[in-house]
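The primary structure of each chain is shown beneath.
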Amino acid sequence: MAIDPRIKDLETDASTRSMNFDQFVLGATLAALAYLAQTQKYANLGWNESTLSLAPLALLALSAWLGFKRIECTFHLLRVNARYLEHCSEHRGSDDPRLLEMLHGIDNKTGFYYRLRNRAVLFAVLSYVGVKLAVTYPIF
């Protein structure tokens, strides 16, 4: 049974676009991290703007690390998937359940890093806005 080439083209296109998006988000996160680190006013730790501004920096750094981990897991998933397809072509009609379990586990990891990265970016933006509001309108 031959696979419809349109399905293969769609899968390839989706994979490429997903990887490009991950790389874009990682680049934007690193650029925001570099900008905030460069414009940060450093002072003694305490209850001040400088200390509060470390939260967005830490969250962006965490987001960048999660982005790297997602890209790493995606590469690993592609390698294991290639090995699985190689195994299936060599052993017609026999699926290796260990390889399938490994593929599902790696796929779940990439989704896990995706969700955590996006949440870290969201919390970084919210904390940045929160710090700016807390400094502008002192509530303490």
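Residues numbered from 1 in each chain as written. Predicted model: local features only at pLDDT ≥ 70, side-chain atom pairs only at ≥ 80, totals over all residues. Heavy atoms only, no water.

A.B. asks: Which parts of the structure should I look at to understand the overall build of the protein?
C.D. replies: Counting secondary structure elements, the protein contains four helices and zero strands. Sequence-ordered secondary structure for the protein, helices as α and strands as β, is α-α-α-α. Computed over C-alpha atoms, the radius of gyration of the protein comes to 21 Å, more than 25% over the 14 Å expected from 2.2 N^0.38 for 140 residues, which places it beyond the range of a compact globule. Taken along its principal axes, the extent of the C-alpha atoms in the protein is 70 × 30 × 25 Å. The buried share of the protein, taken over its 140 residues, is 27%. Partitioning the intrachain contacts of the protein with sequence separation of at least 6 by distance along the chain shows that 72% fall at a separation of at least 24. Computed over 15 positive and 13 negative side-chain charges, the separation of the two mean positions in the protein equals 8 Å. (Helix = DSSP H or I, 4+ residues; strand = E, 2+ residues; numbered from the N terminus. Rg over C-alpha atoms; globule rule 2.2 N^0.38 Å. Buried < 20%, exposed > 50% of the residue type's maximum accessible area, 1.4 Å probe, protein only. Contact = heavy atoms within 4.5 Å. Lys, Arg positive; Asp, Glu negative; His and termini not counted. Charge placed at Lys NZ, Arg CZ, Asp CG, Glu CD.)

A.B. asks: Help me out: how do you make sense of helix α4 (residues 97-136) in this one?
C.D. replies: Since the α-helix packs 3.6 residues into each turn, any two residues three or four apart lie on the same face. Taking 1.5 Å per residue, 40 residues should reach 58 Å; α4 reaches 58 Å between its end C-alpha atoms and fits that length. For α4, every residue scored as buried is listed here: L99, L103, I106, T110, G111, Y113, R117, A120, A124, S127, V131 and A134. Contacts from the buried residues of α4 go to α1 (5-39), α2 (49-52) and α3 (54-90). (Expected span 1.5 Å × (residues − 1).)

A.B. asks: I keep staring at the packing of α1 against α4 and nothing clicks. Help me out?
C.D. replies: Relative placement of two packed helices is described by the angle separating their axes and the distance separating the axes. Their axes nearest at 12 Å, the elements α1 and α4 cross at an angle of 30°. Taken as axis vectors, α1 and α4 run roughly parallel relative to one another. As α1 packs across α4, the resulting crossing turns out to be left-handed. In contact with F21, D22, V25, T29 and L36 of α1, α4 contributes Y114, R117, V121 and Y128. (Axes fitted to C-alpha atoms, helices over the stretch in contact; angles between N-to-C directions. Parallel < 35°, antiparallel > 145°, perpendicular 65-115°, else oblique. Left-handed = near helix turned anticlockwise from the far one by under 90°.)

A.B. asks: Any chance you could explain the packing of aromatic side chains here in plain terms?
C.D. replies: Any aromatic ring pair is given by two values, namely how distant the centres are and how the planes are angled relative to each other. The full count for this structure, using the stated rule, is two aromatic pairs. Where W65 meets Y113, the ring centres are 6.5 Å apart and the plane angle is 85°; that geometry is what we call edge-to-face. Here W65 is found in helix α3, whereas its partner Y113 is found in helix α4, with 48 residues between them in sequence. Here a set of aromatic residues connected by ring pairs shows up, and it is made of W65, F112 and Y113. (Phe/Tyr/Trp six-rings, centres within 6.5 Å; stacked < 30°, edge-to-face > 60°.)

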